[in-house]
Amino acid sequence: MAKRSKVPAKRSPAVPKVAKAAPGELQTLFDFVRYAVSRFNAAKLVFAHGTTDPVAEAAFLVSETLHLHPDQFETFATARVTVAERKQILDLIERRIATRKPAAYLVNKVYMRGLPFYVDERTIVPRSFIGELLDSHFSGDEDSTSLIGDPAEVERVLDLCTGSGCLAILASRNFPNAAVDAVDISKDALAVAARNVADHGLEDRLTLHRGDLFRPLGGTRYDLIISNPPYVDAEGMAALPRECRAEPKLAFDGGADGLDIVRRIIDQARQHLTPQGGLLCEIGRGRDHLEAAYPNLPLLWLDTEASEGEVFWIAAADL
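In this text the structure is predicted, and so the values were computed from the model without any measurement.

Reading guide: rules and limits
Residues numbered from 1 in each chain as written. Predicted model: local features only at pLDDT ≥ 70, side-chain atom pairs only at ≥ 80, totals over all residues. Heavy atoms only, no water. Phe/Tyr/Trp six-rings, centres within 6.5 Å; stacked < 30°, edge-to-face > 60°. Helix = DSSP H or I, 4+ residues; strand = E, 2+ residues; numbered from the N terminus. Buried < 20%, exposed > 50% of the residue type's maximum accessible area, 1.4 Å probe, protein only. Lys NZ or Arg CZ within 6 Å of the ring centre and 35° of its normal. Salt bridge = Lys/Arg side-chain N within 4 Å of Asp/Glu carboxyl O. Polar contact = N/O pair within 3.5 Å; in protein donor to acceptor, adjacent residues only side chain to side chain. Axes fitted to C-alpha atoms, helices over the stretch in contact; angles between N-to-C directions. Parallel < 35°, antiparallel > 145°, perpendicular 65-115°, else oblique. Left-handed = near helix turned anticlockwise from the far one by under 90°. Contact = heavy atoms within 4.5 Å. Nonpolar A, V, L, I, M, F, W, Y, C, P; charged D, E, K, R; others polar. pLDDT = per-residue confidence, 0-100. Pairing = 2+ DSSP bridges. Core = buried A, V, L, I, M, F, W, Y, C linked by side-chain atoms within 4.5 Å. Expected span 1.5 Å × (residues − 1). Arc of directions from axis to C-beta.

Trainee: Which residues make up the packing of aromatic side chains, and what values do they have?
Mentor: Under the defined criterion, the tally for this structure stands at five aromatic pairs. Look at Phe60 and Tyr111: their rings are 6.4 Å apart centre to centre, the planes differ by 85 degrees, and that puts the pair in the edge-to-face class. Taken as a pair, Phe60 in helix α2 (residues 54-65) and Tyr111 in strand β1 (residues 110-112) lie far apart in primary sequence, 51 residues in all. Looking at Tyr111, the relative accessible area reads 19%, which means it is buried. Looking at Arg195, its charged tip hangs above the ring of Tyr118, at a distance of 3.7 Å from the centre.

Structure (structure tokens):
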């Protein structure tokens, strides 16, 4: 009789072992990044929260531990760390692996367009493509064409589903004379946004509103509406990696096809735009569904360095 193979009891997948570093083996910032990359790869971590690969994430964590801006990493890459710094870096690497939390939650910080923002588990970790598009398509620079004319003449901007407030703050910088409103349904997210607004000294120009999309705004009209709403479809929600499950579900769930909230924004936006205004909205992988739902809308799809067909622009006159 053939010997039956032994079936092990179900348990959590083991993380492949990578030899731990002995004292003195790791000395420079480069050394710790290389070691972290090996540990992250062995643990099969997912990177989608401000960094897109293990090298960038390792450099981010090392820099944050040493209180360095990411732009300063190369300057100090060959510098040696102290014994105390070594322990802090290694502890952070192990926490990232053990908890599977996004790195931004572990250090309470994320960078967008080079600016630091506070984040914690009360809000999604921001990683929108809209920040780049504000620079490339709304700056008014000689090398680019602004979709709404002179940024200095923009008077009112609205950020729907603002989360941590990052996009609203970036918009405040891009449109220096504009009053900015930012709306979110989550009280917790708005608490994080309020901290970021204060950190960037924008209390006089940026107003936070709690409510469901346009509801708390009355009849106010805007020259620009931006939004990075929840847009993950049912299939995507079921397949969210562990890192993403550490974030608020409310910030992801866009319904069966991912467009429940996007449809509401499109259907109501014209009532809240000035005649020369427009809507800039990120929808992830929902382009085909959106174009099928609105076949007559002349949506302009804007690409970035890391995305294609995930953000659309439409002028108020075309809604």
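Next comes the rest of the account.
Trainee: Break down the pattern of salt bridges for me, with residues and values.
Mentor: Where side chains of opposite charge bring their charged atoms close, a pairing between them can arise. Taken as a whole, this structure holds 15 salt bridges when the rule is applied. The residue Arg39 makes a salt bridge to Glu94 at a minimum N-O spacing of 2.5 Å. Taken together, the residues span a long stretch of sequence, with Arg39 in helix α1 (residues 29-43) and Glu94 in helix α4 (residues 83-99) at a distance of 55 residues. Judged by its relative accessible area of 25%, Glu94 falls in the partly exposed class.

Trainee: Which residues make up unusual backbone geometry, and what values do they have?
Mentor: Trans peptide bonds make up the majority, and among non-glycine residues the majority have a negative phi. In this model, His67 sits at a positive phi of 60 degrees, which is unusual for a non-glycine residue. Mapped onto the elements, His67 comes out in the loop between α2 and α3 (73-76). Look at Leu213: it is not a glycine, yet its phi comes out positive at around 50 degrees. Overall, Leu213 belongs to the buried group, its relative accessible area being 6%.

Trainee: Which residues make up the side chain of Arg39, and what are the values?
Mentor: The class for Arg39 is buried, based on a relative accessible area of 5%. There is a polar contact of 2.5 Å between the side chain of Arg39 and the side chain of Glu94.

Trainee: Account for the packing of α2 against α4, with residues named and values stated.
Mentor: Packing of α2 against α4 brings their axes to within 10 Å, and their N-to-C directions diverge by 135 degrees. The pairing of α2 with α4 is recorded here as oblique in orientation. Taken as a pair, α2 and α4 cross one another with a handedness that is right-handed. Along its contact with α2, which presents Glu57, Leu61, Val62 and Thr65, the element α4 presents Glu85, Gln88, Ile89, Leu92 and Arg96. Of the residues assigned to the contact of α2 with α4, the class counts are four nonpolar, two polar and three charged.

Trainee: So what's going on with the confidence of the model for the protein? Which residues, and what values?
Mentor: Interpretation of this model should avoid reading the predicted coordinates in detail wherever pLDDT is low. This prediction gives the protein a mean pLDDT of 90; 91% of its residues lie at or above 70. Long-range and interchain partners of residues 1-12, a stretch whose pLDDT sits below 50, account for zero contacts in this model, where long-range means more than four residues apart.

Trainee: Can you tell me about the pairing of strand β3 (residues 156-160), naming the residues and giving the values?
Mentor: Burial analysis of β3 places four of its five residues in the buried class, which makes it a mostly covered element. Note: β3 against strand β4 (residues 179-184), five bridges, orientation parallel. When the bridges of β4 are listed, Asp159 appears paired with Ala182. Bridge count for β3 against strand β6 (residues 222-227) is four bridges, and the pairing is parallel.

Trainee: Report on the nonpolar core, specifying residues and quantitative values.
Mentor: Leu134, Phe175, Leu224 and Leu280 are the most contacted members of the largest nonpolar core, which has 35 residues in total. Looking at this core, the elements that each hand over two or more residues are α5 (103-107), β1, β2 (115-117), α6 (130-137), α7 (166-174), β4, β6 and β9 (311-315). With six residues, the single largest contributor to this core is α7. Setting aside residues no more than four positions away along its own chain, Phe175 makes contact with Leu134, Phe138, Ile148, Pro151, Val154, Val157, Arg205 and Leu224. Core analysis: the next-biggest nonpolar cluster, separate from the first, contains 30 residues, Phe47, Leu61, Val62 and Val107 among them.

Trainee: Can you tell me about the pairing of β6, naming the residues and giving the values?
Mentor: Within β6, six of the six residues are buried, leaving the element largely enclosed by the surrounding structure. Examined bridge by bridge, β6 and strand β7 (residues 273-282) share five bridges and lie parallel to one another. Residue pairing for β7: Ile225 is matched across the bridge by Leu279.

Trainee: Please set out the side chain of Glu247 residue by residue, giving values where relevant.
Mentor: Mapped onto the elements, Glu247 comes out in the loop between α10 (242-245) and α11 (260-269). Glu247 gets classed as buried once you look at its relative accessible area, which sits at 5%.

Trainee: So what about the sheet that holds β9? Which residues, and what values?
Mentor: Spatial ordering of the open sheet is given by β5-β4-β3-β6-β7-β9-β8, a layout of seven strands whose pairing is mixed. Edge positions in the sheet fall to β5 (206-210) and β8 (300-302), since each of these pairs with one other strand and no more. Averaged over all adjacent pairs, the angle separating strand axes in this sheet is 20 degrees, with direction ignored.

Trainee: For helix α8 (residues 187-199), give the residues involved together with the corresponding values.
Mentor: For α8, with 13 residues, the first-to-last C-alpha span of 19 Å sits near the 18 Å given by 1.5 Å per residue. Those residues of α8 that sit buried are Ala189, Leu190, Val192, Ala193, Asn196 and Val197. The buried residues of α8 occupy one face: seen down the axis, they fall within an arc of 155 degrees. Facing away from the buried side of α8, by more than 90 degrees, are the exposed residues Lys187 and Asp199. For α8, the elements touching its buried residues are β2, α7, β4 and β5. The residue sitting at the N-terminus of α8 and contributing the capping side-chain oxygen is Ser186; that oxygen lies 3.3 Å from the backbone nitrogen of Asp188. Phi turns positive one or two residues past the end of α8, at Gly201, with a value near 65 degrees.

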